[in-house]
Amino acid sequence: MPYDVLIDPGHGGADSGAVNSKTNTLEKNLNMDSSLSVEYFLGQRGRTTKMTRTTDVDIDNYQRAYQGVREGAKIFVSVHHDSAEVGRSLVYHDNKAESIRLANKVAGYMGGISVVSMNQSPHGRLYIADFTTGPSILIEMGPTRPYTRDERIARCQPAANAIADFIANNFS
């Protein structure tokens, strides 16, 4: 059955993502916490969601995006955190016009964070491009460091509200 948003908590399993050497904070754990918060806030706005993972497992990047294509998700959102050293918040988008619009909406709701084409990613091609049936973005929520509950809410609730509003304005 189709649903609104496939949320992808980036990394998982043996792939920890960025690691904060001072606090030993693992990106994969922050990604899961933030993804669960985004999922909760989307649910509060009446949006249906699924997650690519709900436990600490490693999933092939292509399979993450393809899950949304196969299951009929309207939007694909991958949630990440940047390294503790760089610590920037930004939204990557693929080259679809609707992805650019979604990225700009999320960035605006999150306080005007940067919007970047995946073509400018230092990691090369991003797997969000494999979600071919609708808009897809990758949100870098901030640095890999411990967050309080209030800090996580302050980052996740605006992102979820932007996604919910985008759905309301662009899908019947």
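The structure under discussion appears in the preceding block.
Throughout this description, residue numbers start from 1 for each chain and increase along the sequence as written. Only residues with pLDDT of 70 or above have their local features reported here, since the model is predicted, and side-chain atom pairs are shown and tallied only from 80 upward, although totals for entire chains, interfaces and linings are computed over all residues. To get the side-chain values, all heavy atoms of the structure are used, and hydrogens and water are removed first.

## Some points on the environment of Q157
Okay, step 1: Secondary structure follows DSSP: runs of H or I at least 4 residues long count as helices, runs of E at least 2 residues long count as strands, and numbering of each begins at the N terminus. Position of Q157 relative to the elements: it lies in helix α4 (residues 149–170).
Okay, step 2: Measuring from C-alpha to C-alpha, the distance between Q157 and Y40 comes to 8.9 Å, with 117 residues separating the pair along the chain.

## Considering the nonpolar core
Okay, step 1: Residues V106, I139 and I163 are the most contacted members of the largest nonpolar core, which totals 28 residues.
Okay, step 2: Those elements giving two or more residues to this core turn out to be β1 (5–9), α1 (27–44), β5 (75–82), α3 (97–109), β8 (136–143) and α4.
Okay, step 3: We call two residues in contact when some of their heavy atoms are within 4.5 Å. If sequence neighbours within four positions are ignored, I163 has contacts with V5, L42, I75, V77, L102 and V106.
Okay, step 4: In terms of nonpolar packing, the next biggest core, distinct from the first, is built from 14 residues, F76, M118, Y127 and I128 among them. Residues grouped as a nonpolar core are buried Ala, Val, Leu, Ile, Met, Phe, Trp, Tyr and Cys residues, joined through side-chain atoms within 4.5 Å. Residue burial is assigned from relative accessible area. The probe radius is 1.4 Å, only protein chains are included, and a residue is buried under 20% of its type maximum, exposed over 50%, and partly exposed in between.

## Here we look at the environment of R64
Okay, step 1: Relative to the helices and strands, R64 resides in helix α2 (residues 61–71).
Okay, step 2: For the pair R64 and I128, spaced 64 residues apart in the sequence, the C-alpha separation amounts to 8.7 Å.
Okay, step 3: Other than its neighbours up to four places away in sequence, R64 contacts L6, D8, P9, G10, H11, G12, T52, R53, D58, I59, F76 and Y127.

## Observations regarding the pairing of strand β6 (residues 90–93)
Okay, step 1: Side chains L90 and Y92 of β6 all project onto a buried face; the interleaved residues V91 and H93 project onto the opposite face, where all are buried too.
Okay, step 2: For two strands to pair, DSSP has to find at least two bridges joining them. Note that β6 and strand β7 (residues 114–117) share four bridges and pair parallel. Note that in β7 the partner of L90 across the bridge is S114.
Okay, step 3: For the crossover that starts at β6, traverses α3 and ends in the parallel β7, the hand is right-handed.
Okay, step 4: Relative to β8, β6 runs antiparallel, the two being bridged by four bridges. Considered in β8, the bridge of V91 is made with I139. Note on handedness: a clockwise path from strand one over the helix to strand two, with the strands aimed away from the viewer, defines a right-handed crossover.

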